[in-house]
Amino acid sequence: MPVIELSKVNVTFQQKNQTIVAVKEESLTVERGDIYGIVGYSGAGKSTLVRTINFLQKPSSGTVLINGTNIANLSSVELREQRKNIGMIFQHFNLMDELTVFGNIALPLKHSNLTKEAKNQKIKSLLELVGLADRADNYPAQLSGGQKQRVAIARALANDPEILISDEATSALDPRTTNQILDLLKELNEKLNLTIVLITHEMQAIKKIANKVAVMEAGAIIERGSLLEIFTQPKARLTKDFINTATNRDEALQKVLELLETKPLNADEELVELHYVGSETAQPLLSTIYADFKVMTNILYSNMEILRQTPVGTIIAILNGTPEQIRAAKSSIVDHNVQLTVLEEGK
Ligand SMILES: Nc1ncnc2c1ncn2[C@@H]1O[C@H](COP(=O)(O)OP(=O)(O)OP(=O)(O)O)[C@@H](O)[C@H]1O
């Protein structure tokens, strides 16, 4: 049974005489142990969709099942209990400045049945879990952004939730700290079998830890799939844009095209882009096309990522040879399951 099942969820807001449709008839299924990335630009409806999971946002229509239970049917007491099963972390941490780290993490345990001793023990182990064992007595102002987010994560996990919603939790952090927090989320996902819904506008974050991805635009999920599917066979223009930004491919291509303006391709040259997935790396292939067809390659950009243990790469290169040699080389590349696109032909 899926942990989260949103079906045909609509969320509309009334503002003066205007109706804003924030989520349009959207469905989403999250399985236990998933790290489900939801990517989209600001205003796409990501937060609104995800806030329906714990009814922080009640859908205008549609159903929300958590572990098979329709949460619209819960009493307010049951809903409060249910919400303990869903932790949340945010971009701006939302810590209480006047409380210590210990005090912040203790907040969600206020009404728990644990003894004082057990609560203290729980907080201590949460602090250890997020790597802040020595910071219990600090106030938020004494912590870095990354440390504050660690406190927020510990607080979100205080009631041992099965689900963690991360709403742009790394958006205010520098790249190194972002990576550390993402590593921590992945570790918690594995160690605690925590299901994570990760909202972000950065494909980079999703690429690092998610196993599934949904791309949202104007209240709708326009594309969804496994991380590998989305990265290797993106269909929507927006998905491609997010991926190309995450791999710096667009920036590199821009530079290559600028270079070609000053030094255009010769008649015996072609600019090509190669995409490969799996162990079939394209680089050795480029050496063999020289040996086999006497086609020389000049690699201008190369990027390889390991996504869920699978290498995925892009190469932008100039091929140099006679038209026949280049044709034979390209057909050999394609025969090796490398996707090839001609970006520009020499004149
Ligand atoms: N409480 C509200 N009242 C009116 N409109 C709202 C409300 N909450 C969200 N919206 C609108 O719904 C749309 C989706 O907003 P939402 O915050 O879900 O997008 P998002 O993709 O999460 O973007 P961001 O990351 O900027 O929050 C926007 O047009 C927003 O203005």
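Just so we're clear, the structure is a prediction, and the values are computed from it rather than from any experiment.

Let us look at the site of the ligand. Taken together, 13 residues surround the ligand, and among them F13, A22, S42, S47 and T48 come closest. Listing elements by their share of the shell around the ligand, those giving two or more residues are β1 (4-15), β2 (18-30) and α1 (46-51). In terms of residue count, α1 provides more of the shell around the ligand than any other element does, 3 residues in total. Here the shell around the ligand is composed, by residue class, of 4 nonpolar, 7 polar and 2 charged.

On to the UniProt feature "domain: ABC transporter" (unreviewed entry) in the protein, then. In the numbering used here, UniProt assigns the "domain: ABC transporter" (unreviewed entry) feature to residues 6-243. A helix fraction of 35% and a strand fraction of 27% characterise residues 6-243, whose end C-alpha atoms lie 26 Å from each other.

Before going further, it helps to examine the sheet that holds strand β8 (residues 195-200). With mixed pairing, 6 strands are arranged side by side in an open sheet as β6-β7-β8-β3-β9-β10. Unpaired on one side and paired on the other, β6 (86-90) and β10 (220-226) mark the two borders of the sheet. When strand polarity is set aside, the average angle formed by the axes of neighbouring strands in this sheet is 15 degrees. Judged from the 4 bridges that link them, strand β3 (residues 35-39) and strand β9 (residues 212-217) form a sheet pairing that is parallel.

Quick look at the environment of D268 now. Relative to the elements of secondary structure, D268 occurs in the loop between α10 (249-262) and β11 (269-277). Sequence separation between D268 and I326 is 58 residues, and the spatial gap between their C-alpha atoms is 8.7 Å. Sequence-distant contacts of D268, that is, excluding residues within four places in its chain, are made with N320, G321, T322 and G346.

Cut-offs and rules
- Residues numbered from 1 in each chain as written.
- Predicted model: local features only at pLDDT ≥ 70, side-chain atom pairs only at ≥ 80, totals over all residues.
- Near = placed C-beta within 6 Å.
- Helix = DSSP H or I, 4+ residues; strand = E, 2+ residues; numbered from the N terminus.
- Nonpolar A, V, L, I, M, F, W, Y, C, P; charged D, E, K, R; others polar.
- UniProt positions renumbered as here; feature names shortened; annotations may be inferred.
- Pairing = 2+ DSSP bridges.
- Axes fitted to C-alpha atoms, helices over the stretch in contact; angles between N-to-C directions.
- Contact = placed C-beta atoms within 7 Å.

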